[in-house]
Amino acid sequence: MSTETSGIDRVGVEMNGDARIAELYEQDGFVFPFDVLAAHEAQAIRADLEAAEAELADDTERFALLRSYPDRLLPSFDALIRHPVLLDAVRPILGPDLLVWSSALFIKEADTSHIVSWHQDLTYWGLDDVEKVTAWVALSPATLESGCMRFVPGSHKKQAVPHLDTFDDNNLLSRGQEIAVEVDENESVDVVLQTGQASLHHGHLFHASGPNTSGDRRIAAAIRYIKPSMKQRGGERLLVAQVSGEDNFGHFDIAGAPKERLSDPDFVLCAKDSATKQSVLYEGATTDKRQRY
Ligand SMILES: O=C(O)CCC(=O)C(=O)O
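Residues numbered from 1 in each chain as written. Predicted model: local features only at pLDDT ≥ 70, side-chain atom pairs only at ≥ 80, totals over all residues. Heavy atoms only, no water.

**Student:** What should I look at first to understand the nonpolar core in this one?
**Tutor:** Side chains that are nonpolar tend, in soluble globular proteins, to be buried together. In terms of nonpolar packing, the biggest core is built from 45 residues, with Phe-77, Leu-80, Leu-86, Ile-223 and Tyr-225 touching the most fellow members. Of the residues forming this core, the biggest block, six residues, is contributed by helix H7 (residues 84-94). Ranked by size, the runner-up nonpolar core spans 17 residues in total, among them Phe-30, Phe-106, Trp-136 and Leu-173. (Core = buried A, V, L, I, M, F, W, Y, C linked by side-chain atoms within 4.5 Å. Buried < 20%, exposed > 50% of the residue type's maximum accessible area, 1.4 Å probe, protein only. Helix = DSSP H or I, 4+ residues; strand = E, 2+ residues; numbered from the N terminus.)

In structure tokens, the structure reads:
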């Protein structure tokens, strides 16, 4: 990718943009900020989402599916997961062949107490490897006030650590899971992003976020890019989007672009995939509480 695309200025050595991204990612387990969308483009996507939320306000099931599958249900989000700046940012890390495993929304309403506890992404996803990068795209400002993410640099090198499930209603994670070993919170970096910017993070990176004390919603799409070689350990066939290169493995079902905005056939596909994903994400859970999917 070109050096202009990323806005990354944290290494002072002469390198092209791709090598710089790969080096920072390897060293810290994250890279940011990337300038993905102009403010007006991000606002248009947000407006599309909020119109859809209003349309589905009386349908709890479809409303929940929209949170988990915006790219399957809204062409504007399908375009976002295929955005050239995101693909150019992720390819130096994962290579040319990319699938999207999920693009679920993390929304904190204005002036609310919801948080995300310290966790590693890959803990409950049932995947057999760590070839995954999350691109977290801010569709409203991610600030200290609105509850931006915090990353612990280098924590991805600790590999997978134990987690404790809390199923706390105030926690936006599927099982309210928390890292059960010490987290060097004082070392953490605040991931402040403007509307339209994105960060990338590793599947084993320790990360969390606090409440939204601002007067606006904090809205983000967490796009999970994976290599097609990744596989569900339980053999489940989940629905993914193919956004770059080739899939020479066939471990997932490839979904095409949404048929149209909020179409009935796409809701049916999402509902089926959601049931399968729930069986993966909540495997072994001792409660019926379902925070996501
Ligand atoms: O949106 C947040 O605050 C947390 C998101 C997160 O944990 C993730 O994208 O992996």
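**Student:** Sorry, what's going on with the side chain of Ser-244 here?
**Tutor:** Mapping Ser-244 onto the fold places it in strand E13 (residues 239-244). Its relative accessible area of 7% is what places Ser-244 among the buried residues. A polar atom in the side chain of Ser-244 sits 3.0 Å from the side chain of Arg-91. Those residues in contact with Ser-244, other than ones at most four positions away along the chain, are Leu-87, Arg-91, Pro-96, Asp-97 and Leu-98. (Polar contact = N/O pair within 3.5 Å; in protein donor to acceptor, adjacent residues only side chain to side chain. Contact = heavy atoms within 4.5 Å.)

**Student:** Help me out: how do you make sense of unusual backbone geometry in this one?
**Tutor:** Trans is the common state for peptide bonds, and a negative phi is the common state for residues other than glycine. Cis rather than trans, the peptide bond between Phe-32 and Pro-33 has omega equal to 0°. By the element assignment, Pro-33 lies in strand E1 (residues 30-35). Positive phi values are uncommon outside glycine, yet Gln-159 reaches one of about 65°. Looking at the secondary structure, you find Gln-159 in the loop between strand E6 (149-151) and strand E7 (163-164). Here the phi dihedral of Leu-262 falls at roughly 50°; this positive angle occurs in a residue that is not glycine. In this fold, Leu-262 is placed in the loop between strand E14 (253-255) and helix H8 (264-281).

**Student:** Is there a simple way to think about the packing of aromatic side chains in this case?
**Tutor:** For any two aromatic rings, the description comes down to two numbers: the centre-to-centre distance and the angle of the planes. Here the structure, examined in full by the defined rule, presents three aromatic pairs. Consider the rings of Trp-101 and Trp-125, whose centres lie 4.7 Å apart with planes at 15°: the pair is stacked. Taken together, the positions of Trp-101 in strand E2 (residues 98-102) and Trp-125 in the loop between strand E4 (116-119) and strand E5 (132-138) put the pair 24 residues apart, joining distant regions of the chain. A relative accessible area of 3% means that Trp-101 is categorised as buried. Since its relative accessible area comes to 9%, Trp-125 is described here as buried. Ring pairing ties together the aromatic residues Phe-30, Phe-32 and Phe-151, which thus form one cluster. Sitting over the face of the ring of Tyr-124, Arg-175 holds its NZ or CZ atom 3.9 Å from the ring centroid. In this structure, Lys-277 packs its charged tip against the face of Trp-101, placed 4.3 Å from the ring centre. (Phe/Tyr/Trp six-rings, centres within 6.5 Å; stacked < 30°, edge-to-face > 60°. Lys NZ or Arg CZ within 6 Å of the ring centre and 35° of its normal.)

**Student:** Mind showing me how you'd approach the environment of Ser-102 here?
**Tutor:** Structurally, Ser-102 is set in strand E2. Its relative accessible area of 6% is what places Ser-102 among the buried residues. As a C-alpha pair, Ser-102 and Val-183 span 81 residues in sequence and 26 Å in three-dimensional space. A distance of 3.2 Å separates the side chain of Ser-102 from the backbone nitrogen of Ala-104, its partner in a polar contact.

**Student:** Help me understand the site of the ligand in this model?
**Tutor:** By nearness alone, 14 residues border the ligand, and Asp-121, Trp-136, His-207, Ser-209 and Arg-218 come closest of all. At 2.9 Å from an oxygen atom of the ligand is found a side-chain nitrogen or oxygen belonging to His-207. In the model, an oxygen atom of the ligand is placed 2.6 Å from a nitrogen or oxygen of the Ser-209 side chain. Judged by the proximity of its atoms to the pocket grid, the ligand belongs to the second largest cavity. (Near = heavy atom within 4 Å. 1 Å grid on protein atoms, 1.4 Å probe; cavity = no way out; pocket = protein on both sides within 12 Å on 5 of 7 lines; lining within 4 Å. Sits in = over half its atoms within 2 Å of the grid points.)

**Student:** How should the layout of surface pockets be read in this particular structure?
**Tutor:** Where empty space is left can be seen by rolling a probe of water-molecule size over the atoms. As a volume, the second largest pocket reaches approximately 180 Å³. Surrounding the second largest pocket, Ala-22, Tyr-25, Glu-26, Ile-93, Leu-94, Val-130, Glu-131, Lys-132, Val-133, His-156, Lys-157 and His-202 form its lining. Counting residues per element, the ones that place at least two in the lining of the second largest pocket are helix H2 (17-28), H7 and E5. Of the residues forming the lining of the second largest pocket, the biggest block, three residues, is contributed by H2. Classifying every residue of the lining of the second largest pocket by side-chain character gives six nonpolar, two polar and four charged. (Points joined across faces, edges and corners; volume = space filled by probe spheres on them. Nonpolar A, V, L, I, M, F, W, Y, C, P; charged D, E, K, R; others polar.)

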